[in-house]
Every structure is written in structure tokens, then in C-alpha cells.
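# Working through the structure, step by step
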Amino acid sequence: MPPAWADKRQQLCDALPCYRTHQAGAYTRDGYCHGLLIDREVGLRDKFDDQIIISTVGGGRSKDDTGKSVRTKDQAESHRAVAFRRSQAEKVPVCVIAGQGNSASPSKFSHYYNVLGWFQVTDVWCEANGLSGTEDEFRKGFVCPSCRMCIRRRDWDGWACENTNCNFVHNLKPRVVPIEKILAEGLTGDSYETIKLLYSPVVSSFDPRPLGNYTIYHFTVPDPNGEKTGDIFLLKSSSLINGQIGGPNDMFKEMQESDLEIKRKAARGKDAITEIVTNHYAANWGAPYKFVVSHESTPFRETPPILLKALKRLTWAGKNAIPLVGQDPFVEFNELLSVGYFEKGEMNYHDDGEKELGPTVASLSLGSSATMSFRPKSKNTIQSPPQRGNAKGEKKPVLSFVIEHGDIVVMKGSGIHGYYEHKVEPHGKVRYALTCRHVLRNMLPNEEERKYFDQAVLLPPGSENYEYDGDIDAKPITPEPTVKEASEEKVRASLADIKAQIQLGRMTKEEILAIINSSI
């Protein structure tokens, strides 16, 4: 097609047989797409250059509060999608027209409407609305478009080619997910049992009691002789604690917005052809842990504030939980491991019993809930004789409990890690676990490591502002009027729908009340 342009849309429609629509971006006729206008509605992931065009077409759009057209529901196989697919299959070219409102254009146009020429449709797909980028699909790899190497997603914020001679990077930082959405997808009904004592020698030594504004549970686990070998504390949070300014709700949002540099690291076979990386993403802060080299453990003075806030909360939990069952002194944490989980990510059975670590470990959970389970190691006599004949060496869990948003777990006693292993199975689409330990300086292998240790554990000026007291004096936070009004409007809309269901005879009041009672 020779060059053509117009200042008014009607001029296009009257003059071009391939574009005769005054409203839609795509012009279809006889089941094919013949023309596509790309003007003001350019999406964040659209691409526009002289060789490749990726454009969003249709898909449940409506006006937002600012008057901008945004997608509000998943795309479906509409008649336009079918038309594009037919044009693709039968190689019917599409006339592409660009408007001056096209913000993705690499150059400025002389006229408002500009006919660029004929393009072939190569791919058509539907997209879902509301994806966060932490769904299981986003953890998969692909073939590097630059060097053709098969690559894995090892970075939380996107993909980087694993070929050292290639610099290809594709950034895709997950979207910030509101905590309300995370809580709505949590466990419910029969699948939700907070605590399961699965082996009679595993006991709870005292009834749940308050600690600060938390409710604390305590469990002991036995050694092979039936004697207590360690303590496990579960500090259950609440909406009061979570909703405080700077509390877990705010911390979850800050975690998503921060640059945490978390990555999937080698779980086994590091650098070998059999190398397997973890399901989760992690980074070390403070003292070096598991003999990581210096640059792999970031000093506390370079740590994002959100992690220092978590360190102070976990320090409070350890200091206040341990004295409830003994006189052993609490040793300050000097290391923090930040872990992020995508959907279906998990941390399989493991222990924290390296000889370089002190006996106490504490972990704060933010976001989706998870189930934490403990089982004896295969080679001891706890629960049953050693399982050497078992190919996997597995024994059954003796204790499991659900960790919810804002909860803290404290484990004390080297026997827990010597005789037991534990795993964490998240239930939702995005979860963070912030875990603190004490690394023993005298167990580091050389003087260079110890010198690095001395600098890495120093807290930055101002960290004292993050001291935590268990929210002992917490008061309910009144929602902003706009948020409260929006919530009330949603409730009113739901009630109107319920009333309609009753009037239509589809549900009874008793059935509705039963649903409400089981959901609160």
C-alpha cells in the first residue's frame, strides 16, 4: 500500500476499504481482520517498531476513576480474536494504522493518522486479568532469544541468560498484591486445621497464653530416649497486630516493593550438569551462613529497612518466648535469610543444624499461609526403627501447624535439628519468610571470613528506631473513610444480590446464614 494519512478518523473510513470502523480499533469483515488502528490505548506490554507490533485488542475494558480505559476481566475468544486467527491461518495481511496518541511509537508522526502498511499476523493469544506474576507459570524458563540457550528463571524480578557470554535480560518484577487478596485465597473449611499433634510424645506443655498481643503455643519434641530435646513456639498474630502502622500488612507491601535480590540457588550438584536449583528464591543478610562467600551475604548496613524491621520483631520473639520454659539465655541474632515463594513453591524437608549455628531459629511469615511439618530423620529410632530400607528414608510427620500472615515461629534446641527435619508448604500465590539465626564466629573457617563477619553484623545507624515490643499497647486502626466507604458499598452490593437469590427462591435464609457463619 502506498503511503497515506488523515487528520480525521472519518477520512480513513471513507477512503480505505481495509478500515471502515468509527469505534473499534480492529476492523473485521467476512470473518477476517483487515485493519488495525493503534492510537491511545497502548498497554504496558505492547511493542511497536518497524518490524514487530504487539498490541492488545479488546478484552473486557471499561473506564476507571480517571476515565482511562482499562481491562477489568479476562480476555476470551471473541469474534475479533477469531478474525485475527483466521487472518493468521490464511495469511490475510492486516493494514496497520498508527495515531499520534500511540505512546509506544519510537518516532513522532507528521499527521494524526498514518497508514504504515501491510503486516502478517504471527501469533494470537488471550490474557488473564489480575495476574501478579508469581503464578506457577511465571517460574518457567524459555529459550534465550539472543544465544538460543535454554534458561531457567533464577531471579525473582525476571530472567537472565545463564550463558556467561550472553547479556540477555528480561525483567518482569511481580506486581504488588494487596494483602486483602492474599487473605481471601487462604485455607478454609475441612482443609484448615491449625495444629496437628501426630505422635503422642510430642506435647504442648502449657495452654495458649498471651505474649504481647500475640497468642503463643508451645510444643516439645523427644529425643530417641523419649527425653525433651527442643522447644517449638508458635506466636499467632491477629488483625490488630497485622493492621498496625508498620505492621505485617504494611511489611508485606514493602517486601513486594523492595529490591531484595532474592534468587533461586543450587540445591544440589552446584555447577554440574546435574545441578538443580531450589523452588524458592532467597538471599542472605548479615553474617555469612553456610560458608557463603563474602559477596553472597550482604552486610546489615546495606540491608533494606524492611528486613531490619523483621530482625527486630524476631529478636523480640526470641527474647520473650525462650524464658517461658527455662533459664537459658537468648543469644542475639546476627543473620537473616529472606525467602520468597511463587505459587506452588516450597522448601522441602531440611534442618538448620549446621555446626556454625546457634541453637535458636526464628521466622516471620508474610503473605500467603503455609503448613509447617516436622518429622524424625530416617536414621534415628524416634517413632520407628531406622528406615534404612526405605528408598527415600521417610518417616511420618509428628507435628504440623498452619503459619498465617504475621505469625512467628521460634525453634530452640540443637536436638530439633539433630533428630528432626521440617518443611514449609505455602498455600497461595506469594509468600515471604524472614528467618533469623545466630552464626558462631569462632566456627568460621579462616581469618578472612571472620573479618568479613565483624563488619557484616554491624547494624546501621537508625536501626534502633525499629525496636519492637509485641504491640502490647496496640489500638485498632480506623480505616480511611474512602476505604471504609468502598468496603461498605461492596457489602451492600452483596446483600442486594443475596436478597435477589432469596426472592427468586434459589436459596433460603437459613442456607445463607450457614454460609456466612462458616466463613467468618
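As the structure is a computational prediction, the values presented were derived from the model and not from experiment.

### Quick notes on the overall build of the protein chain
- Regarding its fold elements, the protein chain presents 10 helices and 29 strands.
- Buried positions account for 42% of the 520 residues belonging to the protein chain.
- Taking all contacts inside the protein chain whose residues are at least 6 apart in sequence as the whole, residues at least 24 apart take part in 67%.
- Carbon and sulfur atoms make up 51% of the accessible area of the protein chain, which amounts to about 28300 Å² in all.

### Let's talk about the pairing of strand 27 (residues 408–412)
- Most of strand 27 is tucked away: five of the five residues are buried.
- Judged by which residues are buried, strand 27 turns out to be covered on both faces: Ile-408, Val-410 and Lys-412 on one side and Val-409 and Met-411 on the other are all buried.
- Sheet topology note: the strand 17 (residues 228–236)/strand 27 ladder contains five bridges and is antiparallel. Its bridge partner being in strand 27, Leu-234 is matched across the sheet by Val-409.

### Some points on the confidence of the model for the protein chain
- Residues with a pLDDT of 70 or more make up 85% of the protein chain, whose mean pLDDT is 86.
- Confidence over residues 291–295 falls short of pLDDT 50; this stretch has eight contacts with residues more than four positions distant or in other chains.

### Structural notes on the packing of aromatic side chains
- In the structure shown here, the tally under the stated rule is 14 aromatic pairs.
- Ring centres of Tyr-281 and Phe-342 lie 5.0 Å apart, and the angle between their planes is 35°; this geometry places the pair in the tilted category. On the criterion of sequence distance, the pair formed by Tyr-281 in strand 20 (residues 281–286) and Phe-342 in strand 22 (residues 335–342) is long-range, its members being 61 residues apart.
- Phe-342 gets classed as buried once you look at its relative accessible area, which sits at 0%.
- Taken together, Trp-156, Phe-252, Tyr-281, Phe-342 and Tyr-432 form an aromatic cluster joined through their ring pairs.
- Over the aromatic face of Tyr-349 sits the side chain of Arg-375, whose NZ or CZ is 3.7 Å from the ring centroid.

### Focus: helix 8 (residues 447–456)
- Along helix 8, the positions that sit buried rather than exposed are Glu-449, Arg-450, Tyr-452, Phe-453 and Ala-456. For helix 8, the angular spread of the buried residues around the axis is 160°, confining them to a single face. Turned more than 90 degrees away from the buried face of helix 8 sit Glu-448, Lys-451 and Gln-455, all of them exposed.

### Thoughts on the pattern of salt bridges
- Scanning the entire structure with this criterion turns up 25 salt bridges.
- A salt bridge links Arg-139 to Asp-136, with the shortest nitrogen-to-oxygen separation between them at 2.8 Å.
- Residue class for Asp-136 comes out partly exposed when judged on its relative accessible area of 21%.
- Each of Arg-152, Arg-154, Glu-162 and Glu-275 takes part in one network of salt bridges that share partners.

### Thoughts on a nonpolar patch on the surface
- Taken together, the side chains of Ile-52, Ile-54 and Trp-125 make up a nonpolar region of the molecular surface, amounting to roughly 280 Å² of accessible area.
- Here Trp-125 shows up in the loop between strand 9 (113–119) and strand 10 (142–143).
- Overall, Trp-125 belongs to the partly exposed group, its relative accessible area being 47%.

### Here we look at the nonpolar core
- Leu-235 and Tyr-432 are the most contacted members of the largest nonpolar core, which has 44 residues in total.
- Setting aside chain neighbours within four positions, we find Leu-235 in contact with Leu-211, Tyr-214, Thr-215, Ile-216, Trp-316, Ala-317, Asp-407 and Ile-408.
- Within the second largest apolar cluster, 25 residues are counted, among which are Val-202, Leu-337, Met-347 and Ile-403.

### Considerations on the packing of helix 5 (residues 248–257) against helix 6 (residues 305–321)
- For the pair helix 5 and helix 6, the least separation of the axes is 9 Å and the interaxial angle reads 145°. Our pair here, helix 5 against helix 6, has a crossing hand that is left-handed. Note on element contacts: helix 6 touches helix 5 through Pro-305, Ile-306, Leu-307, Lys-309, Ala-310 and Arg-313, opposite Pro-248, Met-251, Glu-254 and Met-255.
- Residue composition of the contact of helix 5 with helix 6, by class: seven nonpolar, no polar and three charged.

### Examining the pairing of strand 16 (residues 214–222)
- The buried fraction of strand 16 amounts to seven of the nine residues, a majority that puts the element mostly inside the structure.
- Bridge count between strand 15 (residues 209–211) and strand 16: three bridges; the pairing is antiparallel. When the bridges of strand 16 are listed, Pro-210 appears paired with Thr-215.
- Between strand 15 and strand 16, which follow one another and run antiparallel, lie two residues, and Gly-212 among them has a positive phi close to 65°.
- Relative to strand 17, strand 16 runs antiparallel, the two being bridged by eight bridges. Residue Phe-219 lies in a different strand from strand 17, and its bridge partner there is Ile-232.
- Remark: five residues form the turn of the hairpin made by strand 16 and strand 17, two consecutive strands paired antiparallel; Gly-226 in that turn has positive phi of roughly 85°.

### Structural notes on the side chain of His-422
- With respect to the helices and strands, His-422 occurs in strand 28 (residues 420–426).
- Leaving out residues up to four positions away in the same chain, His-422 has contacts with Asn-348, Tyr-349, His-350, Asp-351, Asp-352, Met-372, Ser-373, Phe-374, Met-411 and His-417.

### What to know about helix 5
- Those residues of helix 5 that sit buried are Pro-248, Met-251, Phe-252, Met-255 and Gln-256. Mapping the buried residues of helix 5 onto a view down its axis gives an arc of 135°, with all of them on the same face.
- Along its buried surface, helix 5 packs onto helix 3 (179–184), helix 4 (239–242), helix 6, strand 24 (360–367) and strand 29 (430–437).

### Notes on the environment of Ala-26
- Secondary-structure assignment places Ala-26 in strand 2 (residues 26–29).
- Residue classification places Ala-26 among the buried positions, given a relative accessible area of 5%.
- Taking the C-alpha atoms as reference points, Ala-26 and Leu-36, separated by 10 residues in sequence, lie 4.5 Å from one another.
- In contact with Ala-26, other than residues within four places in its own chain, are Thr-21, Cys-33, Gly-35, Leu-36, Val-57, Arg-80 and Phe-84.

Rules and cut-offs
Residues numbered from 1 in each chain as written. Predicted model: local features only at pLDDT ≥ 70, side-chain atom pairs only at ≥ 80, totals over all residues. Heavy atoms only, no water. Helix = DSSP H or I, 4+ residues; strand = E, 2+ residues; numbered from the N terminus. Buried < 20%, exposed > 50% of the residue type's maximum accessible area, 1.4 Å probe, protein only. Contact = heavy atoms within 4.5 Å. Areas by Shrake-Rupley, 256 points an atom, 1.4 Å probe, with all protein chains shown as cover. Pairing = 2+ DSSP bridges. pLDDT = per-residue confidence, 0-100. Phe/Tyr/Trp six-rings, centres within 6.5 Å; stacked < 30°, edge-to-face > 60°. Lys NZ or Arg CZ within 6 Å of the ring centre and 35° of its normal. Arc of directions from axis to C-beta. Salt bridge = Lys/Arg side-chain N within 4 Å of Asp/Glu carboxyl O. Patch = residues over 30% accessible without salt bridge, like charges linked within 9 Å, V, L, I, M, F, W, Y side chains within 5 Å. Core = buried A, V, L, I, M, F, W, Y, C linked by side-chain atoms within 4.5 Å. Axes fitted to C-alpha atoms, helices over the stretch in contact; angles between N-to-C directions. Left-handed = near helix turned anticlockwise from the far one by under 90°. Nonpolar A, V, L, I, M, F, W, Y, C, P; charged D, E, K, R; others polar.

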